[in-house]
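Letter by letter, the chains look like this.
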Amino acid sequence: MTPELHQKLTAWRRHLHAHPELSLQEKETSAFVQEKLTELGIPFEAEIGGHGVVATLTRGSAQGRVGLRADMDALPITEDTGLPYASTSPGVMHACGHDGHTASLLGAAALLAADTSWSGTVDFIFQPAEEGFGGSRAMVADGLFERFPMDRVFGFHNWPGLQAGTVAVHDGVVMASGGRVSITIEGHAGHAGMPHLTRDPVMAAGHLIVALQSIVSRGVDPLDTAVLSLCTLEGGTARNQIAGRVTIGGTLRYHREAVKDILLARIGEICAGIATSFGVKVTPEIVMGVGVTINAPAEAGLARLAAEKVQTPVRRDLAPSMAGEDFAFYLQKRPGAFVWIGNGELRDGAELHGPRYDFNDAILPVASGWMAEVAKTALASN
């Protein structure tokens, strides 16, 4: 990558960082991507699965076809970086680096457009709504693999705490599957000084939270992996009134379907027990997300080979993450691989989804270079 291209990608990334858009609202981000693709002279189709964009380059006579994907959406987090290009949208922030992923894929497109050494077709997938809103599923439902019949698909996520520019490739499981947990507790509201006339959902919620934490510690094999995190608790409007309703929100994560079955069964049983014990109505609702992100063996090998070709360090010893990634849905339809690219030192508050997070622009050449190289390597392997 030339210094000029790196400088251009940095400017594009910082523009995206300053103008984040939430899932399903990425209209201006999509327009920006389309504008830059037009500048690069790369044809594209827009409004795929919402605000998704797919650009396509074909060179030579080879029949192979490879997809490269980046996500575009931001998060409902208030930024606390103090950077000159910090978010200009109150309460919305690129706290997961999707601005960098998008810029990196534009960089890969620029590199491949200027490179005459490969033959085949590469599709560049700019995906909306990754953060729990089913963007990959929507693009597939809109005919992604029929309209762009790629044989394989690759992607990456920046990874704070991993040495900047290092590419981590997993054999098998990369990231967890999970679901959104919402539990409603309905009691009987009344005066705080006369609790015997009420059915207290706040007290029930406290016992429920503690009881649910026993699922992973006592219900799941210690050699398996599971997470049940309860992250929101809402109820009550007055200090002298026992509330009539409380809601609890959270997430569950796992690497194996058998573990999911245990989690779901025990959540239901514990909610029923709490309801009986406290005389309240407890209604759990769990909306499952996409599956586990699992690299295919051959494509994991191609991902490693591409990293070696761009002369960046490769790690194969990192444990899978309990974070989720909807790239998993593509991997249920096509073989592929999803890697992590080190974002550098992990600082307090600057982890993924942290208010002081920022994508490291120094890794743009590695990220764009790896994406371009894995496409070429995969096409050559055909």
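Residues numbered from 1 in each chain as written. Predicted model: local features only at pLDDT ≥ 70, side-chain atom pairs only at ≥ 80, totals over all residues. Heavy atoms only, no water.

So, the overall build of the protein chain
Using the following cut-off: What counts as a helix is a DSSP run of H or I of at least four residues, what counts as a strand is a run of E of at least two, and both are numbered from the N terminus. Our radius of gyration is a C-alpha quantity, and the globule rule it is checked against amounts to 2.2 Å times the number of residues to the power 0.38. Under the scheme applied here, a residue whose accessible area is under 20% of the maximum for its type counts as buried, over 50% as exposed, and between as partly exposed, the area being computed with a 1.4 Å probe on protein chains only. The contact definition used throughout considers only heavy atoms, calling two residues in contact when any of these lie within 4.5 Å. Reported accessibility uses the Shrake-Rupley method at a 1.4 Å probe radius. Residues are deemed covered only where the shown protein chains occlude them.
Counting its regular elements, the protein chain contains 11 helices and 16 strands. Scaling as 2.2 N^0.38, a compact globule of 382 residues should have a C-alpha radius of gyration of about 21 Å, and the protein chain matches this with 23 Å. A principal-axis box enclosing the C-alpha atoms of the protein chain has dimensions of 80 × 45 × 40 Å. Residues counted as buried form 53% of the 382 residues belonging to the protein chain. Long-range contacts, defined here as pairs at least 24 residues apart, represent 80% of the contacts in the protein chain between residues at least 6 apart. Element-wise, carbon and sulfur atoms account for 53% of the exposed surface of the protein chain, whose accessible area totals about 16,200 Å².

With respect to the pattern of salt bridges
Definition in use: The term salt bridge refers to a pairing of a side-chain nitrogen on Lys or Arg with a carboxyl oxygen on Asp or Glu at a separation within 4 Å.
Across all of its chains, the model carries 24 salt bridges by this definition. Residue aspartate 358 pairs with arginine 13 through a salt bridge whose shortest N-O separation is 2.9 Å. Here aspartate 358 is found in the loop between β16 (336–344) and α11 (364–381), whereas its partner arginine 13 is found in helix α1 (residues 3–18), with 345 residues between them in sequence. For the pair formed by aspartate 358 and arginine 13, the shared burial category is buried.

Quick look at the domain arrangement of the protein chain
In plain terms, the rule: As used throughout, domain bounds are those supplied by an automatic or database domain assignment. Summed over both partners, the accessible area lost on bringing two parts together, with a 1.4 Å probe, is the buried area. What qualifies as a polar contact is a pair of N or O atoms within 3.5 Å, subject to a donor-acceptor requirement within protein and to the restriction that residues adjacent in sequence count only when both atoms come from side chains. Polarity classes work like this: nonpolar for Ala, Val, Leu, Ile, Met, Phe, Trp, Tyr, Cys and Pro, charged for Asp, Glu, Lys and Arg, and polar for all others, with Gly in that last group.
Domains assigned within the protein chain are domain 1 (3–173 + 292–381) and domain 2 (177–289). Relative to domain 2, the C-alpha centre of domain 1 lies at a distance of 36 Å. Across the contact, nine residues belong to domain 1 and nine residues belong to domain 2. Buried surface at the junction of domain 1 and domain 2, summed over both partners, amounts to about 690 Å²; 60% is from carbon and sulfur atoms. For the pair domain 1 and domain 2, the number of links is zero salt bridges. There are three residue pairs in polar contact (both at pLDDT 80 or more) connecting domain 1 and domain 2. Here the side of domain 1 that touches domain 2 is built from residues that sort into five nonpolar, three polar and one charged.

Observations concerning the UniProt feature "binding site: Mn(2+)" (unreviewed entry) in the protein chain
Quick reminder of the rule: UniProt positions are given in the numbering used here, feature names are shortened, and annotations may be inferred rather than shown by experiment.
Taken from the UniProt record, the annotation "binding site: Mn(2+)" (unreviewed entry) applies to Cys96, His98, Glu131, His157 and His353. Of the residues just listed, which span 258 residues, no C-alpha pair is farther apart than 13.0 Å, and they cluster in one region. Residue class for cysteine 96 comes out buried when judged on its relative accessible area of 8%. Mapped onto the fold, histidine 157 is located in strand β5 (residues 152–160). We classify histidine 157 as buried; its relative accessible area is 3%. Leaving out residues up to four positions away in the same chain, histidine 157 has contacts with Cys96, His98, His101, Glu325, Phe338, Val339, Trp340, Ile341 and Leu352.

A few points about the sheet that holds strand β4 (residues 120–127)
Put simply, the rule reads: Strand pairing is assigned whenever DSSP detects at least two bridges linking the two strands.
Across the sheet, which stays open at both edges, the eight strands sit in the order β1-β2-β4-β3-β5-β16-β6-β14 with mixed pairing between neighbours. Strands at the two margins of the open sheet, each flanked by one partner only, are β1 (44–48) and β14 (314–315). In terms of strand pairing, strand β6 (residues 167–168) meets β14 through two bridges, oriented parallel. Looking across to β14, one finds that alanine 168 is bridged to arginine 315.

Brief notes about helix α8 (residues 257–278)
The cut-off we apply is this: Given the number of residues in a helix, its expected span is that number minus one, multiplied by 1.5 Å. In this description, the arc belongs to the directions extending from the helix axis to the C-beta atoms.
The terminal C-alpha atoms of α8 lie 32 Å apart, and with 22 residues this matches the ideal 32 Å at 1.5 Å per residue to within 8%. Taken together, the buried positions of α8 are Val259, Lys260, Leu263, Ile267, Ile270, Cys271, Ile274 and Ala275. Here the buried residues of α8 occupy an arc of 140° about the axis, which is enough to place them on one side. Tucked into the core, α8 has its buried residues touching β7 (173–186), α6 (201–212), α7 (214–219), β9 (226–235), β11 (245–254) and β12 (281–288). Taken from the residues just after α8, glycine 279 is the one with a positive phi, measuring 65°.

Some words on the packing of α1 against helix α2 (residues 27–40)
Going by this rule: For helices, the axis comes from a line fit to the C-alpha atoms of the stretch in contact; other axes are also lines fit to C-alpha atoms, and the angle between any two N-to-C directions lies between 0 and 180 degrees. For classification purposes, an angle smaller than 35 degrees is called roughly parallel, one larger than 145 roughly antiparallel, one from 65 to 115 roughly perpendicular, and anything else oblique. By the definition used in this description, the sense in which the near helix is turned from the far one sets the handedness, with an anticlockwise turn below a right angle giving left-handed and a clockwise turn giving right-handed.
Between α1 and α2, the least distance of the axes is 11 Å, while the angle of their chain directions is 165°. Judged on the interaxial angle alone, α2 and α1 are roughly antiparallel. Here the hand of the crossing between α1 and α2 comes out right-handed. Only Thr29, Phe32, Lys36 and Glu39 of α2 make contact with α1, whose side of the interface consists of Trp12, His15 and Leu16. The residue inventory of the contact of α1 with α2, partitioned by class, reads three nonpolar, two polar and two charged.

A short note on the packing of aromatic side chains
Each aromatic ring pair is described using two quantities: the centre-to-centre distance and the angle formed by the ring planes. For clarity, the cut-off: Stacked, tilted and edge-to-face are the three classes assigned to paired rings of Phe, Tyr and Trp, where Trp is represented by its six-membered ring and a pair needs centres within 6.5 Å; plane angles under 30 degrees give stacked, over 60 edge-to-face, the rest tilted.
Within this structure, the stated rule accounts for four aromatic pairs. Geometrically, the ring pair formed by tryptophan 159 and tryptophan 340 is stacked, given 3.8 Å between the ring centres and 5° between the ring planes. Here tryptophan 159, found in strand β5, pairs with tryptophan 340, found in strand β16; they are 181 residues apart in sequence, far enough to count as distant. For tryptophan 159, a relative accessible area of 15% gives the class buried. Put simply, the rings of Phe145, Phe327, Tyr330 and Phe338 pair up and form one aromatic cluster.

Observations concerning the pairing of β16
Of all nine residues making up β16, nine are buried, and the element is well covered by its neighbours. Across eight bridges, the pairing between β5 and β16 is parallel. Within β16, the position partnered with valine 153 by the bridge is glycine 336. Here β6 pairs with β16 via two bridges, running antiparallel. Its bridge partner lying in β16, alanine 168 is registered against tryptophan 340.

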